[in-house]
Amino acid sequence: MNNSPIPDQTGRLVVVTGANSGIGYVTARELARHGAHVVLACRDPERGQAALDRLRAEAPGARLELRQVNLASLASIRAFAAGWDHDRLDLLVNNAGVAMVPFARTEDGFESQFGVNHLGTFALTGLLLPHLLAAPDPRVVTVSSEGQRFALFDLDNLNAERRYRTAFAYVQSKRANLYFATELQRAADAAGVRLRSMAVAPGLTRTNVLTGGANSDRGRLYAALTRLVVRLAFRPTAEGARTSLYAATAPELPGGSYIVPDGPLQLRGEPVRRTGERAILDTDTARRLWRLSERLTGVTYRLPAGRFGLDPAPTS
């Protein structure tokens, strides 16, 4: 069990995707309260502005910005990265995502859960990598899910090439998050750069991910039943953000860590590092997913060439 307080974050420049609500909002708020300069990277400008106003009230004097990015659009991701005008980026929290949504495709033609949760995260991180490497101790935190343990990962059906099953696609996209985070650490280690990449699972947490966005069109009965289940079975949002905050701030945490709640089935509890996860050890699938992600997004990571054969510059 880990009840470590958040250390002083003064001087850190942070991006939190999906910071307008849920775990992302709490993560942004607590980092700002502890001194970080936080950029709220949100899809919807109005909701983002409302979150920014609320944050300013809850964290008076905090250094905050609002910028727009839509992980369902490679053009939007590229615009966000191209518009980055700070001299570095100390921490990127890949929090934004969708869950259990009806079948849809992004504007680039990707199945939405795979496209947003994994490919959008992959592209954004790769395009921001030069700014991360300009920081003295950069860190990337990617929010996966305890559900990834149940994924039957199928590299030939990641994009709903054959058929679409909502829950299957969701946990598969969350497994992809874990593969990505651990493979990024291996790439950084192979290139000899100082970068720590972490993955986290928040546990069952009360957020609007099951009722907002694409799920908002599922009707009143779905919304009422889902809200009831979430209220009864899921823990408060602030508790769900603990793994993200621990991964983002624990000083001695090694790169490649996977942080989960320490309770039964990783559903509740305090942050703890888990080392025996099958996906962490599956380097072959992780590398194949990386290559596929490069091809689909057109983003190649800017790291010195090593055993990964990474190109020295990302494509635009």
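Let us look at the structure shown here.

So, how was this worked out
Residues numbered from 1 in each chain as written. Predicted model: local features only at pLDDT ≥ 70, side-chain atom pairs only at ≥ 80, totals over all residues. Heavy atoms only, no water. Pairing = 2+ DSSP bridges. Helix = DSSP H or I, 4+ residues; strand = E, 2+ residues; numbered from the N terminus. Axes fitted to C-alpha atoms, helices over the stretch in contact; angles between N-to-C directions. Contact = heavy atoms within 4.5 Å. Core = buried A, V, L, I, M, F, W, Y, C linked by side-chain atoms within 4.5 Å. Buried < 20%, exposed > 50% of the residue type's maximum accessible area, 1.4 Å probe, protein only. Polar contact = N/O pair within 3.5 Å; in protein donor to acceptor, adjacent residues only side chain to side chain. 1 Å grid on protein atoms, 1.4 Å probe; cavity = no way out; pocket = protein on both sides within 12 Å on 5 of 7 lines; lining within 4 Å. Points joined across faces, edges and corners; volume = space filled by probe spheres on them. Nonpolar A, V, L, I, M, F, W, Y, C, P; charged D, E, K, R; others polar. Expected span 1.5 Å × (residues − 1). Salt bridge = Lys/Arg side-chain N within 4 Å of Asp/Glu carboxyl O. Phe/Tyr/Trp six-rings, centres within 6.5 Å; stacked < 30°, edge-to-face > 60°.

A word on the sheet that holds strand 7 (residues 258-261)
Line of reasoning, step 1. An order of 3-2-1-4-5-6-7-8 is seen for the 8 strands of this open sheet, with the pairing classed as mixed. Pairing within the sheet leaves two strands with one partner each, and these edge strands are strand 3 (63-68) and strand 8 (271-273). For this sheet the average axis-to-axis angle between neighbouring strands, irrespective of direction, equals 20 degrees.
Line of reasoning, step 2. Note that strand 2 (residues 37-42) and strand 3 share 6 bridges and pair parallel. Bridge pairing in strand 3 links Val38 to Leu64.
Line of reasoning, step 3. Of the strands in this sheet, strand 1 (13-17), strand 2, strand 3 and strand 4 (91-94) touch helix 1 (residues 22-33), which is tilted by about 165 degrees from strand 1.
Line of reasoning, step 4. Along the sheet, helix 8 (residues 242-249) makes contact with strand 4, strand 5 (139-143), strand 6 (196-200), strand 7 and strand 8, crossing strand 5 at roughly 165 degrees.

Regarding the nonpolar core
Line of reasoning, step 1. Counting 54 residues, the largest nonpolar core has Val15, Ile77, Phe80, Trp84, Leu128, Leu289 and Tyr301 as the members making the most contacts within it.
Line of reasoning, step 2. Of all the elements in the fold, those that place two or more residues in this core are strand 1, strand 2, helix 3 (74-82), helix 4 (112-133), helix 5 (166-191), strand 7, helix 9 (278-281) and helix 10 (283-297).
Line of reasoning, step 3. Considering every element that reaches this core, the biggest residue donor is helix 4, with 10 residues.
Line of reasoning, step 4. The next biggest cluster of nonpolar side chains, apart from the first, holds 31 residues, and it includes Ala32, Ala36, Leu40 and Ala247.

Describing the pairing of strand 7
Line of reasoning, step 1. Sheet topology note: the strand 6/strand 7 ladder contains 2 bridges and is parallel. Bridging across to strand 7, Ala199 finds its partner in Tyr258.
Line of reasoning, step 2. Where strand 7 and strand 8 come together, 3 bridges link them in antiparallel fashion. For Val260, the partnering residue across the bridge sits in strand 8 and is Val272.

Overview of the environment of Arg274
Line of reasoning, step 1. For Arg274, the location among the structural elements is in the loop between strand 8 and helix 9.
Line of reasoning, step 2. According to the relative accessible area criterion, Arg274 is partly exposed, its value standing at 35%.
Line of reasoning, step 3. A sequence separation of 14 residues divides Arg274 from Val260, and the C-alpha atoms of the two residues are 6.8 Å apart.
Line of reasoning, step 4. Of note is the side chain of Arg274, whose polar atom sits 2.4 Å from the side chain of Glu277.

Overview of empty space enclosed by the protein
Line of reasoning, step 1. Applying the stated rule across the entire model yields 1 cavity of 30 Å³ or more.
Line of reasoning, step 2. Roughly 70 Å³ of internal volume is contained in the largest cavity.
Line of reasoning, step 3. For the largest cavity, the full set of lining residues is Glu111, Asn157, Leu158, Asn159, Ala160, Arg163, Tyr164, Arg165, Phe168, Ala169 and Gln172.
Line of reasoning, step 4. Considering only residue class, the lining of the largest cavity consists of 5 nonpolar, 3 polar and 3 charged.

Some words on helix 5
Side chains of residues three or four places apart in an α-helix project in the same direction, reflecting 3.6 residues per turn.
Line of reasoning, step 1. If you check helix 5, its first and last C-alpha atoms are 37 Å apart, about what 26 residues at 1.5 Å a residue would give, namely 38 Å.
Line of reasoning, step 2. The element helix 5 is extensively covered by neighbouring structure, given that 22 of its 26 residues are classed as buried.

A few points about the pattern of salt bridges
Line of reasoning, step 1. The final tally for this structure, using the stated rule, is 16 salt bridges.
Line of reasoning, step 2. A salt bridge links Asp87 to Arg88; the nearest nitrogen and oxygen atoms lie 3.1 Å apart.
Line of reasoning, step 3. Between Arg274 and Glu277 there is a salt bridge, with its nearest N and O atoms 2.4 Å apart.
Line of reasoning, step 4. The buried category is assigned to Glu277, whose relative accessible area is 6%.
Line of reasoning, step 5. Look at the salt bridges and you will find they share partners, linking Arg29, Glu30, Arg33, Arg54 and Glu58 into a network.

Re the side chain of Gln9
Line of reasoning, step 1. Tracing the backbone shows Gln9 in the segment before strand 1.
Line of reasoning, step 2. Here Pro7 takes part through its backbone oxygen, which lies 3.0 Å from a polar atom of the side chain of Gln9.
Line of reasoning, step 3. Residues within four places of Gln9 in sequence aside, it is in contact with Leu31, His34, Gly35, Ala36 and Thr249.

Focus on the packing of aromatic side chains
Line of reasoning, step 1. One pass over the structure, following the stated rule, counts 9 aromatic pairs.
Line of reasoning, step 2. Relative to Tyr179, the ring of Phe153 has its centre 5.0 Å away and its plane inclined at 75 degrees; by these criteria the two rings are edge-to-face. Within this pair, whereas Phe153 is found in the loop between strand 5 and helix 5, its partner Tyr179 is found in helix 5, the two being separated by 26 residues in sequence.
Line of reasoning, step 3. Classification of Phe153 as buried rests on a relative accessible area of 18%.

Purely geometric stuff here, so don't read any function into it on its own.
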